[in-house]
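Report on the structure
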Amino acid sequence: MATTTAQSSLMPSSFYMGAAVGGFSVLVVWGGAALLTTKSHSAAGTKSGRSEDHERSTTSSAGGGAAAYETRKAVDEYLQFHFGSASDLLPYSQGPKGALNFTGRLAALCSKYASSRNDALDVGCAVGGASFELAKTFKQVIGIDYSHAFVEAAQDMQQSGSREYEAALEGDIKATYTATVPQGIHRDRVLFMQGDACALPSALPQFDVVLAANLLCRLPDPMMFITQLPALVRPGGVVVLVSPYSWLAAWTPKKKWFGGHEAQDGTPLRSADAVAKLMLGREFELLHQEDMPFLIREHVRKFQWGCSHACVWRRKKQSHTSDQDVTATISI
């Protein structure tokens, strides 16, 4: 398949990538340096090729694995989750209003604790909501997701600014809505690509901020992601980890869980404590932590409300930590 370096009209001068038409290799260039080649698929091809899975919801715990995020239903659910208006997502006067605008709150947290706002990496970006929100304050943003269907939807949102999606009302009754990138966002600051959070391209540069939202407990080996963080964040930069710690064997083998089970002596192992120990041992210091609620609509009268644990870690400019110094300081 041919490789192209055609410059997109929506990309700034430091971004180069091939137009996503059909299936071919794309050479992505960041600031003059080649990052990787990736394969692009048409959105229509992705949807039509998986018709038997169209009704599989990402909120179901009955199934799992990466295939759950390649369905049309998954794309539609996440378009509403990331871009749906407050009245579309929660059309009631009562309800958990604080769980709305999840992507905006994520980006605000990143911006608040970043000492510099040149570039950001959104790992597990899904359909791109947080990546676009980051572009409000960061000059360049890369969004990476393992799901081809999610990346195609994010690229579509970047090119068009909006996209229709279906949402369940009741049973087989559905309604069509429109997902829209908020006005005032510089869509040309964002680059989306397919990639594996457990094996990110070695050519990626270092960033001022790395965001990983609701990602850790959906990785087959979350430790592989954690070990890459020092190479991805500039000294003084921050990592924002957000997770509900919803461990399921369908996504993550139990032996790879950070917590959510008992040690051999019967002591409960909590994921937040494990994350703290891992980050402190890799020259990061804890700046902030908070609860980060979110809401995903299943149908017009049923929702998934979750509350992720958000923690902000700054990479130390100088190394002073020894193995004896590593102690967990997170509370839940």
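These remarks concern the structure in this document. (Residues numbered from 1 in each chain as written. Predicted model: local features only at pLDDT ≥ 70, side-chain atom pairs only at ≥ 80, totals over all residues. Heavy atoms only, no water.)

1. Quick word on helix α9 (residues 271-280)
Owing to its 3.6 residues per turn, the α-helix aligns residues three or four sequence positions apart on the same side. We apply this condition: Burial classes: relative accessible area under 20% of the type maximum marks a residue as buried, over 50% as exposed, and values in between as partly exposed (1.4 Å probe, protein chains only). Segments assigned H or I by DSSP are reported as helices when at least four residues long, segments assigned E as strands when at least two residues long, and all are numbered from the N terminus. We call two residues contacting when some pair of their heavy atoms lies within 4.5 Å.
Within α9, seven of the 10 residues are buried, which leaves it mostly tucked inside the rest of the structure. Along α9, the residues classified as buried are Ser 271, Ala 272, Val 275, Ala 276, Leu 278, Met 279 and Leu 280. Looking at the buried positions of α9, the neighbouring elements they touch are α7 (222-226), α8 (229-232), β11 (233-243), β13 (268-269), β14 (284-299) and β15 (302-315).

2. Quick look at the sheet that holds strand β10 (residues 207-213)
Stated precisely, the cut-off is as follows: A pair of strands counts as paired when DSSP detects no fewer than two bridges linking them. Here an axis means a line fitted to C-alpha atoms, over the contact stretch when the element is a helix, while the angle between two N-to-C directions is reported on a 0 to 180 degree scale.
A sheet is described by the order of its strands in space; here seven strands give the open sequence β9-β6-β5-β10-β11-β15-β14, paired in mixed fashion. Lying at the two open borders of the sheet, with one neighbouring strand each, are β9 (190-194) and β14. On average, adjacent strands in this sheet sit at an angle of 15 degrees to one another, irrespective of strand direction. Summarising the sheet, β14 and β15 pair through 14 bridges and their orientation is antiparallel. Within β15, the residue paired with Arg 297 across the bridge is Phe 303.

3. Examining the layout of surface pockets
This is how it is decided: In the cavity and pocket records, a cavity denotes points on a 1 Å grid over the protein atoms alone where a 1.4 Å probe fits but cannot get out, a pocket denotes an open set with protein on both sides within 12 Å along at least 5 of 7 lines, and lining residues are residues with an atom within 4 Å of a point. Grid points are joined across faces, edges and corners, and a volume is the space filled by probe spheres set on the points.
By volume, the largest pocket amounts to about 520 Å³. Surrounding the largest pocket, 32 residues form its lining, Tyr 69, Gly 124, Asp 145, Leu 215 and Arg 218 being those nearest its centre. At the level of elements, α2 (72-83), α4 (102-113), β5 (119-123) and β6 (140-145) are the ones that each hand at least two residues to the lining of the largest pocket.

That is the geometry; function is a separate question.
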